[in-house]
There are 2 protein chains.
Amino acid sequence: MENEKGNISTTEQQILEAAKSVFLEKGMDGARMQEIADRAGINKALLHYYFRTKDKLFITIFRNLISNLFEQINLQLQNNDDIFDFVEKFVTNYIAMLEHNVYLPNFIMNEMNRNHENIVQIFESERVIQNVPKLEKIIKKSVEAGEIIPITAENLITDMIGLCVFPVVGKPVILNFLFRGDIAAHKKFMEGRKEHVINLIKNSLTPGKQIK
Amino acid sequence: MENEKGNISTTEQQILEAAKSVFLEKGMDGARMQEIADRAGINKALLHYYFRTKDKLFITIFRNLISNLFEQINLQLQNNDDIFDFVEKFVTNYIAMLEHNVYLPNFIMNEMNRNHENIVQIFESERVIQNVPKLEKIIKKSVEAGEIIPITAENLITDMIGLCVFPVVGKPVILNFLFRGDIAAHKKFMEGRKEHVINLIKNSLTPGKQIK
DNA sequence: GTCTATAGGAAGATAGAC
DNA sequence: GTCTATCTTCCTATAGAC
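All of these numbers come straight from a predicted model, not from anything done at the bench.

What counts and how
Residues numbered from 1 in each chain as written. Chains lettered and ligands numbered in written order. Predicted model: local features only at pLDDT ≥ 70, side-chain atom pairs only at ≥ 80, totals over all residues. Heavy atoms only, no water. Least-squares fit on C-alpha atoms with pLDDT ≥ 70 in both. Contact = heavy atoms within 4.5 Å. Helix = DSSP H or I, 4+ residues; strand = E, 2+ residues; numbered from the N terminus. Expected span 1.5 Å × (residues − 1). Bend = angle between axes of the 7 residues up to and from the residue. Buried < 20%, exposed > 50% of the residue type's maximum accessible area, 1.4 Å probe, protein only. Near = heavy atom within 4 Å. Polar contact = N/O pair within 3.5 Å; in protein donor to acceptor, adjacent residues only side chain to side chain. Salt bridge = Lys/Arg side-chain N within 4 Å of Asp/Glu carboxyl O. Nonpolar A, V, L, I, M, F, W, Y, C, P; charged D, E, K, R; others polar. Phe/Tyr/Trp six-rings, centres within 6.5 Å; stacked < 30°, edge-to-face > 60°. Domains from an automatic or database assignment. Buried area = accessible area lost by both parts, 1.4 Å probe.

### Quick word on the relation of the copies chain A and chain B
Overlaying chain A on chain B yields an RMSD of 0.0 Å, the required transformation being a rotation through 180° with an accompanying axial translation of 0.0 Å. What the superposition gives is, in effect, a two-fold axis relating one chain to the other. Identified as the residue of chain A closest to the rotation axis by C-alpha distance is A:Ser204, at 2.1 Å. The overlap is high: 98% of the interface residues of chain A also sit at the interface in chain B, so the same surface is used on both sides.

### Some remarks on helix H9 (residues 153–169) of chain B
All names here are of chain B. A rise of 1.5 Å per residue sets the reference length of H9, with its 17 residues, at 24 Å; its end C-alpha atoms lie 23 Å apart and thus fit the reference within 8%. Remark: the principal bend of H9, roughly 30°, maps to Gly162. Where burial is concerned, most of H9 is hidden: 17 out of the 17 residues are buried.

### Some remarks on the protein's contact with DNA strand C
A:Asn43, A:Ala45, A:Tyr50, B:Arg32 and B:Lys54 are the nearest of the 16 residues found near DNA strand C. The sugar-phosphate share of atoms of DNA strand C within 4 Å of the protein amounts to 65%. In the environment of DNA strand C, a phosphate oxygen lies 3.0 Å from a nitrogen or oxygen atom belonging to the backbone of B:Met33. Taking B:Arg52, its side chain carries an N or O atom lying 3.4 Å from a phosphate oxygen of DNA strand C. Among the elements of the structure, helix H3 (44–50) of chain A together with helix H3 (44–50) of chain B are those that each provide at least two residues to the surface near DNA strand C. Here the surface near DNA strand C gets four residues from one element, more than from any other, and that element is H3(A).

### Quick look at the interface of chain A and chain B
Residue-level contacts link 58 residues of chain A with 57 residues of chain B. A salt bridge links B:Arg193 to A:Asp159; the shortest N-O distance between them is 2.8 Å. Our count for the contact surface shared by chain A and chain B stands at 19 residue pairs in polar contact (both at pLDDT 80 or more). Classifying every residue of the side of chain A that touches chain B by side-chain character gives 29 nonpolar, 16 polar and 13 charged.

### Some thoughts on the pattern of salt bridges
Residue and element names in this part refer to chain A. Per the stated rule, a full pass over the model turns up 16 salt bridges over all chains. In this structure, Glu25 and Arg39 form a salt bridge, with 3.2 Å as the shortest nitrogen-oxygen distance. Remark: Arg39 occurs in helix H2 (residues 33–40) and Glu25 occurs in helix H1 (residues 11–30); sequence separation between them is 14 residues. Between Lys26 and Glu35 there is a salt bridge, with the nearest N and O atoms lying 3.0 Å from each other. By relative accessible area, Glu35 is classed as partly exposed at 22%. Residues joined by salt bridges that share partners form a network here, namely Glu25, Lys26, Glu35 and Arg39.

### A short note on unusual backbone geometry
The phi dihedral of A:Arg180 is positive, around 50°, even though this residue is not glycine. Tracing the sequence through the fold places A:Arg180 in the loop between helix H10 (171–178) and helix H11 (183–205).

### Focus on the packing of aromatic side chains
In total, this model carries 18 aromatic pairs over all chains according to the counting rule given. Both rings, one in B:Phe179 and one in B:Phe189, keep their centres 5.1 Å apart while their planes meet at 50°; by these two values the pair is tilted. With a gap of ten residues between them, B:Phe179 in the loop between helix H10 (171–178) and helix H11 (183–205) and B:Phe189 in helix H11 connect regions that are remote in the sequence. The class for B:Phe179 is buried, based on a relative accessible area of 10%. Accessibility expressed as a relative area gives 7% for B:Phe189, which makes it buried. Joined through ring pairs, the aromatic side chains of A:Phe23, A:Phe58, A:Phe62 and A:Phe107 make up one cluster.

### Quick notes on the domain arrangement of chain A
All names here are of chain A. Domain boundaries assigned for chain A yield domain 1 (7–52) and domain 2 (54–205). Counting residues at the interface gives 17 residues for domain 1, matched by 15 residues for domain 2. Around 1,400 Å² of area is buried between domain 1 and domain 2 when both sides are counted, 79% of it from carbon and sulfur atoms. If you sort the residues of domain 1 by the area they bury against domain 2, Phe23, Leu24 and Met28 come out on top, with a joint share of 46%. Our count for the domain 1 to domain 2 interface comes out at three residue pairs in polar contact (both at pLDDT 80 or more). When residues of the side of domain 1 that touches domain 2 are assigned to their parent elements, the largest contribution, ten residues, is made by H1.

Here it is in structure tokens:
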């Protein structure tokens, strides 16, 4: 049996992939060891042989997902000097990532809101958005150049992520309650979001307006 | 025993309140009938006497929460003619509501993402953001008056809600990974969000700028 | 490492007395 | 309506053979 890298996939890898998919879809509380074993093509006993408990398996998956996510975010936060260029790239890449990981944001936010004792451990070791100072420098430079109005890095990051993530996490809400189940209309809406968000952020940062 | 309205609270009311708090905190999968019974001050048997199954109890709670939420949102969407005034009021009221219901958005979005068969029923009957057309009229009028640049009502609603909701749903993520657990800094950040979001939206809508 | 079988317990739901 | 006691099912986890 081969995985996407062309390597022979070990049982452990199969378990990790199965567990990831089940946890992402069902959450910690809704996930069943039986289903993970099934998707991995093994039985429950073997599953417990590799990862003694459900908790340990969960924490492994959760750590991996968090690490990957923040690695990508940190990458986006460096290597930029033009703020408008940065916004465009960040939003573009973040939305692209979300399209390939639709379950991810709901999973992470939900599990972190239900504070399973498990998750607390993670905070100790991996507090991982390190590149905020780099963004602060870009902002400072752009403000001094008169290109944008002042904004904190934390607000800018929160704005961009919130505008991108909410339509994904809230998809069922938006589709059913805002578009009344009209899938075509919702699809069109989602296709236009990227451009909309980029323009929204850029517009909001552009100086030289008197509000009210 | 009295509830906040000063009425004698019946057993049923106590159950509903207990169930609401447990479901909001733990979610459908994490909630336990035993805990609901405990918080209601009764036992499991009586709980099942009132609501035969956990599913029925859940759907009752979920319906109520959804109805209340969208009732409020619909209220905000009517009775406004100035678009800037509308944005300010909507964001202000929405954030105030969130402060009193911190568990609500994560609960609703998470439960709707895990499509329990239960929830499907709700879509049939209550597709509830009816006042979109009213917002569209305000937007149209404001665009024609040259007060704002064009935007769809759906995008404006999604923007406002996303910018307000994400810091609440993603609080643990933001606090731990963006503010590195610094509660004071995070608190300050949250206190400034309302003004930030209002200005952000207003700025983004203001015309008379050439982007790039 | 991998399996079958089963222990052990938690949780939803019911029976039946009061 | 409300309780105690119990049933039944499901699920995590382990024992032990191969």
